[in-house]
Amino acid sequence: MWSWEAFFSFLHNPLMIQGAWTTVWLTAVSMALALPLAVLVALGRASHLAPVRLLAGFYVWLMRGTPLLVQLVIIYTGLPQLGLRLGVISSALTGLVLNEAAYLSEIVRAGVLSVPRGQSEAARALGMPPWRVFRVVVMPQALRVMVPPLGNSFNGLLKTTTLVSVISVEELLRRTQFAVQTNFRVLEGLTAAALYYLAMTTLWGLVQRWLEARVGRGHQTSPSGGRRTKSVALELETR
């Protein structure tokens, strides 16, 4: 039978609190490392050099076409056979970053492609180098398209971290399993873990809405009812 006493004991169990913290920082670090890699992959897929374009495309195809669980096991148990031995945390971060970057690269690529080509052409006509065109002109406008799906990816990654428990990373799910072994109240323990995940995703939802509102300030509605988008290249031209 259901035990409320066991359920509430799980909610403030130190093991689960530590596991929740591990889940949060593991998600944040993975996302922070995956995003720059995703930008490089997206640029590679848009490259005029065929080898670079094919290599980036192969990476996305491989990472998106195989399960993350399989990738984690190969990294943790397969790489040592090739002489590359990684620790538990290093293996988890490597797998999460490589897998997530493949998905994020498609979000970045879609955001970049949403910016009218005339914007970058106008900036290049002013003599701006390509790297600055991308940083100053393309990315600020692409972010308006990218932020919502990037936020959803962070939410998904927060829950995907449960898979790293397979290679012994002591995140929330594995800590819950340890806590359950003290009284064998599996249902109560997993329900408490689910509430932890709901709390974390709900808090992130609030942060995501704040980010979307902040990024969207540059894309305001004019009094006539139309959309007003600031053109960075045109602003630079008038200076």
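Procedures and definitions
Residues numbered from 1 in each chain as written. Predicted model: local features only at pLDDT ≥ 70, side-chain atom pairs only at ≥ 80, totals over all residues. Heavy atoms only, no water. Helix = DSSP H or I, 4+ residues; strand = E, 2+ residues; numbered from the N terminus. Buried < 20%, exposed > 50% of the residue type's maximum accessible area, 1.4 Å probe, protein only. Patch = residues over 30% accessible without salt bridge, like charges linked within 9 Å, V, L, I, M, F, W, Y side chains within 5 Å. Areas by Shrake-Rupley, 256 points an atom, 1.4 Å probe, with all protein chains shown as cover. Salt bridge = Lys/Arg side-chain N within 4 Å of Asp/Glu carboxyl O. 1 Å grid on protein atoms, 1.4 Å probe; cavity = no way out; pocket = protein on both sides within 12 Å on 5 of 7 lines; lining within 4 Å. Points joined across faces, edges and corners; volume = space filled by probe spheres on them. Nonpolar A, V, L, I, M, F, W, Y, C, P; charged D, E, K, R; others polar. pLDDT = per-residue confidence, 0-100. Contact = heavy atoms within 4.5 Å. Axes fitted to C-alpha atoms, helices over the stretch in contact; angles between N-to-C directions. Parallel < 35°, antiparallel > 145°, perpendicular 65-115°, else oblique. Left-handed = near helix turned anticlockwise from the far one by under 90°. Polar contact = N/O pair within 3.5 Å; in protein donor to acceptor, adjacent residues only side chain to side chain. Core = buried A, V, L, I, M, F, W, Y, C linked by side-chain atoms within 4.5 Å.

## Quick notes on the environment of R144
Then, in step 1: Mapped onto the secondary structure, R144 falls in helix α7 (residues 130-160).
Then, in step 2: The partly exposed category is assigned to R144, whose relative accessible area is 22%.
Then, in step 3: Separated by 57 residues in the primary sequence, R144 and G87 place their C-alpha atoms 38 Å from one another.

## Quick notes on a nonpolar patch on the surface
Then, in step 1: Taken together, the side chains of W2, W4, F8 and L187 define a hydrophobic patch exposed on the protein surface, amounting to about 470 Å² of accessible area.
Then, in step 2: By secondary structure assignment, the location of W4 is in helix α1 (residues 4-11).
Then, in step 3: When its relative accessible area of 54% is taken as the criterion, W4 is described as exposed.

## What about the layout of surface pockets?
Then, in step 1: Roughly 710 Å³ of volume is contained in the largest pocket.
Then, in step 2: L43, A46, V112, S120 and R124 are, among the 18 residues lining the largest pocket, the residues nearest its centre.
Then, in step 3: Put simply, the parts of the chain that give the lining of the largest pocket at least two residues each are α2 (14-45), α5 (88-113), α6 (117-125) and α7.
Then, in step 4: Looking at the lining of the largest pocket element by element, the count peaks at four residues for α7.
Then, in step 5: By residue class, the composition of the lining of the largest pocket is 11 nonpolar, three polar and four charged.

## So, the confidence of the model for the chain
Then, in step 1: Of all residues in the chain, 90% attain a pLDDT of 70 or more, and the chain-wide mean is 87.
Then, in step 2: pLDDT under 50 marks residues 220-239. Its contacts with residues more than four places away, or in other chains, come to 27 contacts.

## Some words on the environment of A193
Then, in step 1: With respect to the element layout, A193 can be found in helix α9 (residues 186-215).
Then, in step 2: When the C-alpha atoms of A193 and S3 are compared, they prove to be 15 Å apart, with 190 residues separating the residues in sequence.
Then, in step 3: Setting aside its immediate chain neighbours within four residues, A193 contacts M16, L172 and T176.

## A closer look at the side chain of T22
Then, in step 1: Note that T22 resides in helix α2.
Then, in step 2: If near-sequence neighbours (up to four positions away) are discounted, T22 is found in contact with E170 and E171.

## Let's talk about the packing of α2 against α7
Then, in step 1: Two numbers describe how α2 lies on α7: the axes approach to 11 Å, and their chain directions differ by 140°. Here α2 lies oblique to α7, going by the angle between them. Crossing angle aside, the handedness with which α2 passes α7 is right-handed. Residues T23, T27, A28, S30, M31, L35, V39 and L43 of α2 lie in contact with α7, whose contacting residues are F134, L150, S153, F154, L157 and L158.

## Side note on the side chain of S30
Then, in step 1: Position of S30 among the secondary structure elements: in helix α2.
Then, in step 2: Of the residues examined, S30 reaches a relative accessible area of 0% and is grouped as buried.
Then, in step 3: Looking at S30, its side chain comes within polar contact range of the main-chain oxygen of L26, at 2.7 Å.
Then, in step 4: Setting aside residues up to four positions removed in sequence, S30 forms contacts with L93, L96, V97 and L157.

## With respect to the nonpolar core
Then, in step 1: Y59, L104, M146 and V164 are the most contacted members of the largest nonpolar core, which totals 40 residues.
Then, in step 2: Of all the secondary structure elements, the ones that give two or more residues to this core are α2, α3 (50-65), α4 (68-78), α5 and α7.
Then, in step 3: Ignoring sequence-local partners within four residues, the contact set of M146 consists of I107, V108, G111 and M139.
Then, in step 4: If you look at the next biggest cluster of nonpolar residues, it comprises 14 residues, including L158, A179, A192 and Y196.

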